[in-house]
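# Descriptive structure summary
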Amino acid sequence: MMDNNDLDQMMESFLADEHVDNGEAFVANVLTTLPPVYKWWWVQDIVQAFGIFVALLIVWKLKFLTPGAFLLLMSVVGEKLQAHNHLFSHNNLMTFGVLGAAIVIYYTYRAVVES
Amino acid sequence: MSSNDTELVALIIAQDDREAFESLLKKYQAPIRAFFRKMCGGDGELSDDLAQETFLKVYRHLSTFQGNSQLLTWIYSIARNVFYEHLRREEKFTELPESEEMSYTTRSEEKLDIAKCMLQLTPEERLILTMAYAQGLSQTEVSEVLEIPLGTVKTRTLQAKEKLRGLLQAYSERSL
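In this text, all values refer to a predicted model and were calculated from it rather than measured experimentally. (Residues numbered from 1 in each chain as written. Chains lettered and ligands numbered in written order. Predicted model: local features only at pLDDT ≥ 70, side-chain atom pairs only at ≥ 80, totals over all residues. Heavy atoms only, no water.)

## Notes on the overall build of chain B
The helix and strand tally for chain B stands at nine helices and zero strands. Counting from the amino terminus, helix and strand elements in chain B follow one another as α-α-α-α-α-α-α-α-α. In chain B, buried positions account for 50% of the 176 residues. For chain B, contacts bridging at least 24 residues in sequence account for 62% of all contacts bridging at least 6. (Helix = DSSP H or I, 4+ residues; strand = E, 2+ residues; numbered from the N terminus. Buried < 20%, exposed > 50% of the residue type's maximum accessible area, 1.4 Å probe, protein only. Contact = heavy atoms within 4.5 Å.)

In structure tokens:
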């Protein structure tokens, strides 16, 4: 029968026996996945978001998208890009959000005035 | 937290100092990678992926570290969350990978038995045993990492050990 001491010894031996390498490759790999050091990263973020917004706006204006589909696509693109670690930060989402809200307000306003 | 860690954390938060982060990485990569190896049944590639995800979260959220505990304890709590996220993504995580089975076999039959039985424990039992036996983590620290009371850690450790012992005995009887 195995007693607690036997189990303790087996466990300690099992857990202590996990040899990992010195981690040089691991460390290098982690460092390469960090976001670049960039002082004006928020400007880049907003410009990037604005670029995507304008691209989508053009697609919309070419009648490929309805306003609803445009907003939906904007939110999906924003979310997907943010999921890609550092390609897209919260600033981009904020920019998207503000631009999206502006569109909604504009069209609501126009609908009210025209009615 | 050691004064060295405090300085490194301050440098990373204030100046985004990559060399300071590299020093932290070098210091803590081994225990975290070893922890994931145990939790993932020895799958080196998967455990390194999870360890990498952990350190990226450490980097992103370092400013929220309040210094109330050891830095390593805080990193372990992030590692625990990463592990649970991984389980949610994968849903099933009970089979010992074949390649790893071979890897353990080359070490010893006894270790292979423990590895198989460990994977039959629930993730929380595996987590608590790995933490309890992991180097340098006291039961108080385990309770901080798992965010459960110290008494609960002691009870669950005993329960997990009992279950593991039962599994090992059943396994060795079947093997005879």
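## Topic: helix 3 (residues 44–61) of chain B
Within an α-helix, residues lying three or four positions from one another point in the same direction, as the helix has 3.6 residues per turn. Residues and elements named next belong to chain B. Along its 18 residues, helix 3 runs 25 Å from first to last C-alpha, staying within 8% of the 26 Å computed at 1.5 Å per residue. If you check which residues of helix 3 are buried, you get Leu46, Ser47, Asp48, Leu50, Ala51, Gln52, Thr54, Phe55, Leu56, Lys57, Val58 and Tyr59. If you check the start of helix 3, you find a side-chain oxygen 3.3 Å away from the backbone N of Glu45, and it comes from Asp43. (Expected span 1.5 Å × (residues − 1). Polar contact = N/O pair within 3.5 Å; in protein donor to acceptor, adjacent residues only side chain to side chain.)

## Brief notes about the packing of aromatic side chains
All names here are of chain B. Scanning the model with the defined rule gives six aromatic pairs over all chains in all. Arranged with centres 5.5 Å apart and planes meeting at 80°, the rings of Phe35 and Tyr76 form a pair that is edge-to-face. Residue Phe35 is located in helix 2 (residues 18–39), and its partner Tyr76 is located in helix 4 (residues 71–90); the two are separated by 41 residues in the primary sequence. On the basis of relative accessible area, Phe35 is assigned to the buried category, the value being 3%. Ring-pair connections join several aromatic residues into one group, and the members of that group are Phe35, Phe36 and Tyr76. (Phe/Tyr/Trp six-rings, centres within 6.5 Å; stacked < 30°, edge-to-face > 60°.)

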